[in-house]
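Residues per chain are reported as follows:
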Amino acid sequence: QVQLVESGGGLVQPGDSLRLSCVVSGFRVLSYVMSWFRQTPGHEREFVTAISLNGANRYHAEAVRGRFTISRDNDKKTLYLQMNSLKPGDTTVYYCAASTRSDNSLYYKPRAYGHWGQGTQVTVSS
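Residues numbered from 1 in each chain as written. Predicted model: local features only at pLDDT ≥ 70, side-chain atom pairs only at ≥ 80, totals over all residues. Heavy atoms only, no water.

Draft legend 1. Expanded view of the pairing of strand β1 (residues 3-7). Covered by surrounding structure in β1 are Leu4 and Glu6 only, the residues Gln3, Val5 and Ser7 on the alternate face being uncovered. In this structure, β1 lies alongside strand β3 (residues 18-25), joined through five bridges in antiparallel fashion. Looking at the pairing, Glu6 lines up with Cys22 of β3. (Buried < 20%, exposed > 50% of the residue type's maximum accessible area, 1.4 Å probe, protein only. Helix = DSSP H or I, 4+ residues; strand = E, 2+ residues; numbered from the N terminus. Pairing = 2+ DSSP bridges.)

Printed below as a string of structure tokens:
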């Protein structure tokens, strides 16, 4: 019954910024960790960044460290991804994911997440 809906993607120039949002809806949802992944057709899902339930722990892939910032507003049931200094290599589909498990040790693995959004396209091109 859980649904995740991403938004905010689009076409931008290199160096520009985008802010993605992921709204969670459903019943009896308890997400201990939420994450952003990205995936190009024909390739495996790539971990981008993750955040714990209370926001105390945040994890980032080296490719986006210092440029992307993950945050969450539990009152609004929304996950965010602020993307700055975008590069052409960031071009792909971005997915948000939510886990109901209390263990954060596998935050970088797609199998740790039971719920996924439909994805939002980000294109960085001049």
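Draft legend 2. The sheet that holds β3, seen in detail. Pairing is antiparallel in the open sheet, where four strands are placed in the order β1-β3-β8-β7. Of all strands in the sheet, those bounded by a partner on one side alone are β1 and β7 (68-73). Between one strand axis and the next, the sheet turns by 15° as a mean value, whatever way the strands run. Taken together, the six bridges between β7 and strand β8 (residues 78-83) define a ladder with antiparallel strand orientation. The partner of Asp73 across the bridge, within β8, is Thr78. (Axes fitted to C-alpha atoms, helices over the stretch in contact; angles between N-to-C directions.)

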